[in-house]
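Listed below, chain by chain, are the residues.
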Amino acid sequence: MSHEAQGSATDTARLTRWQLGSYAAPATPLALVGLPLAVYLPAIYADADGFGLTLGLVGLMITLSRITDVFTDPIIGFVSDRIRTRWGRRKPFVLLGTPIYIAGVWLLFVPPFEFFEVTWLGFTFNIGYLYLFGMVALVYLGSTIKDLPYSAWGAELSRNYNERTRITSWREGFTVTGSLISAFTPAFILFLGYTKPTDAVYFLSVAVCLVMPVLVLNAVFVVPEYPVRERSIERLPLKESLKHVMANRPYMMLIVIFGFSTIGSAMTNSLSFFFVKHVLLAGDLYGLYLLPYFVSQVAAIPLWFMLSRRIGKHRATMAAIGWYAFWSCFIPLIAIAPMAWFEAFAFHHLLSFLPAGAYESAMQHFEGIETGKFVFFVLVMCLKGSAIGALSALPLAMAADVVDVDQARTGKMQAGAYFSIWSMVRKGAYALGITVGTGAAVWFGFDSLADPKNTTNTEFSLLMLACLYSVVPALFKFVAMPLLWNYPLTEARVAEIQAEIDAADSALRGQGAEGAAA
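Predicted model, so just to flag it, every value in this text is computed and none were measured.

**Examining the environment of Thr168**
Now for step 1: Structurally, the position occupied by Thr168 is in helix α9 (residues 161–190).
Now for step 2: C-alpha separation for the pair Thr168 and Leu20, spaced 148 residues apart in sequence, amounts to 9.6 Å.
Now for step 3: The residues touching Thr168, leaving out its near neighbours within four places in the chain, are Ala393, Leu396 and Ala397.

Here is the structure:
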């Protein structure tokens, strides 16, 4: 195959279903761990049934551990853009980062020793805080090495506007599949007597260690990595490369949109378990909430992508934010309403159709738990959660489009640099969101170690917990609205930019042919 034919492969080729599935499949074990990292990490380290550390300091340690990403993310993105090997420039990093990531996940969720207090320079503190800091940093180091080139690889598999959405939707589908398995696991083991968050993350960590290496190796062997097609062979230094990225206006708009949205998501995820346990008084049923919540995401993804093809990715994202915010407003109302209002939704009413033996067996798992408010909450969260798939997948598809803007200006394919900054912002914003959420909850008087039924938490602190869990994150997402309304990269504009790239490539090849003839 000629260089020209190879270079145009991404223009016209559609990946086979097997190639799409092989590329997207590693997202499943990544999502298996994504849910514990997002939802269970504060719970297992700052809950009385976990490691019993202080919620505010746990959030702070998670944020501080992200400082390393300021250095590692741009370096990995820069190097993976420039390296050339017989296996490609993305695949070696995916292979290198996978074992580091797996080791970090296991050590983070299954510590090899019990935490204890130490005294150093006159200060006494629990060693668990330093351990949490180190293991979170290790997990995200592996994630940086593996995931940045993986995302850039996906962006370079096609230059077609809708084909990129197709690739992203497949990856999002496998991501949500992993999230479903991750959500189903706590619900399944609940009926086996495992009710603690530490139990759920143990089983999920085992699954990740076994499955991820197999799927990553399959992707490396099955999915193509197309040759680099660049007009300029000059290697831009890191500072110059980042300067071009910062000058890309649509990309910087996306960074602001995605950053604020991620802060809101982090607040919701980090406080989710504590809301269910301390406000709804149904902590043992937390796994039953996660399962339908993620099912709603799966069911809605095709609808959001249909909408994006009709009105554009940016307008579909706006619609998803509005839908998400609308249902978020109901959460504080549920929190302050009396339990008696939700009696009709209680399990002993909803499951009354079961045979007597099955009914009695089922009710044993819910003994002593007020389930009516919990069930109504799950219904509202399913409606709210139906927007999450769009808010995850559509911005990623939009990020792939902005790389074309840079290629039109510089003649170089720098997807690694773009996704390195994207990843750095995502991790930093997520860590900041955890600190804002947990820190604000503590500031309003919430104690995560209190007994939820004989609580020392005030009604005000619990109401603030509900607002920090729902309404405040929705406000963070609303920052995106004016930016999305004026977002310049429509399908037509992306096609124009790609036509400019093709024209410049043709001119360069014509000059090369004339030089050879001379």
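**Re the pairing of strand β1 (residues 117–120)**
Now for step 1: Bridge count for β1 against strand β2 (residues 123–126) is 4 bridges, and the pairing is antiparallel. Across the sheet, Trp120 pairs through a bridge with Phe123, a residue of β2.
Now for step 2: Between β1 and β2, which pair antiparallel in sequence order, lie 2 residues; one of them, Leu121, sits at a positive phi of approximately 55°.

**So, helix α21 (residues 459–469)**
Now for step 1: Of all 11 residues making up α21, 8 are buried, and the element is well covered by its neighbours.
Now for step 2: Residues Ser461, Leu462, Met464, Leu465, Ala466, Cys467, Leu468 and Tyr469 constitute the buried set of α21.

**Concerning the confidence of the model for the protein chain**
Now for step 1: Averaged over every residue, the pLDDT of the protein chain is 81; residues scoring 70 or more account for 88%.
Now for step 2: Least confident of the elements in the protein chain is helix α1 (residues 3–7), whose mean pLDDT is 44; most confident is α21, at 94.
Now for step 3: Scored below 50 in pLDDT, residues 1–8 makes 6 contacts in the model with residues more than four places away or belonging to other chains.

**Quick word on a nonpolar patch on the surface**
Now for step 1: A cluster of nonpolar side chains, Leu57, Leu60, Leu64, Ile67, Val70, Phe71, Ile75, Val79 and Phe133, forms an exposed patch at the surface whose accessible area comes to about 740 Å².
Now for step 2: For the nonpolar patch, the elements supplying multiple residues, two or more each, are α5 (55–64) and α6 (69–82).
Now for step 3: Relative to the assigned elements, Phe133 resides in helix α8 (residues 127–155).
Now for step 4: Owing to a relative accessible area of 30%, Phe133 belongs among the partly exposed residues under this scheme.

**Some words on the nonpolar core**
One recurring pattern in soluble globular proteins: nonpolar side chains tend to sit buried together.
Now for step 1: Core analysis: the biggest nonpolar cluster contains 143 residues, and Tyr45, Leu108, Phe275, Tyr289, Phe374 and Phe377 have the highest contact counts within it.
Now for step 2: Look past the residues within four positions of Leu108 in its chain and what remains in contact with it is Leu37, Leu41, Tyr45, Tyr131, Leu132, Met135, Val136 and Val139.

**A look at the packing of helix α7 (residues 91–109) against α8**
Now for step 1: Between α7 and α8, the shortest axis-to-axis distance is 8 Å and the interhelical angle comes to 155°. Considered as vectors, α7 and α8 are oriented roughly antiparallel to each other. The handedness of the crossing between α7 and α8 comes out as left-handed.
Now for step 2: Among the residues forming the contact of α7 with α8, the class breakdown is 18 nonpolar, 5 polar and 2 charged.

**Topic: the pattern of salt bridges**
Pairing between side chains of opposite charge can happen when their charged atoms approach one another.
Now for step 1: If you walk through the whole model with that rule in mind, you get 3 salt bridges.
Now for step 2: Of the charged contacts in the structure, one is a salt bridge between Asp47 and Lys277, with a shortest N-O distance of 2.9 Å. Separated by 230 residues along the polypeptide, Asp47 in the loop between α4 (27–45) and α5 and Lys277 in helix α12 (residues 249–278) bring together distant segments of the chain. For the pair formed by Asp47 and Lys277, the shared burial category is buried.
Now for step 3: Notably, a salt bridge pairs Lys146 with Asp147, separated by 2.4 Å at the nearest N-O pair.
Now for step 4: Judged by relative accessible area, Lys146 falls into the buried class, the value being 4%.
Now for step 5: The class for Asp147 is buried, based on a relative accessible area of 11%.
Now for step 6: By sharing partners, the salt bridges in this structure join Asp47, Asp49 and Lys277 into a single network.

**Regarding the packing of α7 against helix α10 (residues 197–222)**
Now for step 1: It is at 10 Å that the axes of α7 and α10 come closest, and there the two elements cross at 175°. Taken together, the axes of α7 and α10 lie roughly antiparallel to each other. Seen from α7, the contacting residues are Lys91, Val94, Leu95, Thr98, Tyr101, Ile102, Val105, Trp106 and Phe109; seen from α10, they are Val201, Tyr202, Ser205, Val206, Val208, Cys209, Met212, Pro213, Val216, Leu217 and Val220.

**Brief notes about the packing of aromatic side chains**
Now for step 1: The full count for this structure, using the stated rule, is 32 aromatic pairs.
Now for step 2: When the ring of Phe326 is compared with that of Trp327, the centres are 5.0 Å apart and the planes differ by 80°; the resulting orientation is edge-to-face.
Now for step 3: Assessed through its relative accessible area of 16%, Trp327 is described here as buried.
Now for step 4: Taken together, the ring pairs in this structure connect Tyr40, Phe273, Phe274, Phe275, Tyr286, Tyr289, Tyr293, Phe377, Phe446 and Tyr469 into an aromatic cluster.
Now for step 5: Over the face of the ring belonging to Tyr101 we find Lys146, whose NZ or CZ atom lies 4.5 Å from the ring centre.
Now for step 6: Taking the ring centre of Tyr469 as reference, the NZ or CZ of Lys384 above it sits at 5.4 Å.

**Remarks on the side chain of Ser448**
Now for step 1: Inspection of the secondary structure assignment puts Ser448 in the loop between α20 (415–443) and α21.
Now for step 2: Within the local environment of Ser448, its side chain forms a polar contact with the backbone oxygen of Ala46, the two atoms lying 2.7 Å apart.
Now for step 3: Setting aside its immediate chain neighbours within four residues, Ser448 contacts Ala46, Asp47, Leu55, Phe274 and His278.

What counts, and where the lines are drawn
- Residues numbered from 1 in each chain as written.
- Predicted model: local features only at pLDDT ≥ 70, side-chain atom pairs only at ≥ 80, totals over all residues.
- Heavy atoms only, no water.
- Helix = DSSP H or I, 4+ residues; strand = E, 2+ residues; numbered from the N terminus.
- Contact = heavy atoms within 4.5 Å.
- Pairing = 2+ DSSP bridges.
- Buried < 20%, exposed > 50% of the residue type's maximum accessible area, 1.4 Å probe, protein only.
- pLDDT = per-residue confidence, 0-100.
- Patch = residues over 30% accessible without salt bridge, like charges linked within 9 Å, V, L, I, M, F, W, Y side chains within 5 Å.
- Areas by Shrake-Rupley, 256 points an atom, 1.4 Å probe, with all protein chains shown as cover.
- Salt bridge = Lys/Arg side-chain N within 4 Å of Asp/Glu carboxyl O.
- Core = buried A, V, L, I, M, F, W, Y, C linked by side-chain atoms within 4.5 Å.
- Axes fitted to C-alpha atoms, helices over the stretch in contact; angles between N-to-C directions.
- Parallel < 35°, antiparallel > 145°, perpendicular 65-115°, else oblique.
- Left-handed = near helix turned anticlockwise from the far one by under 90°.
- Nonpolar A, V, L, I, M, F, W, Y, C, P; charged D, E, K, R; others polar.
- Phe/Tyr/Trp six-rings, centres within 6.5 Å; stacked < 30°, edge-to-face > 60°.
- Lys NZ or Arg CZ within 6 Å of the ring centre and 35° of its normal.
- Polar contact = N/O pair within 3.5 Å; in protein donor to acceptor, adjacent residues only side chain to side chain.

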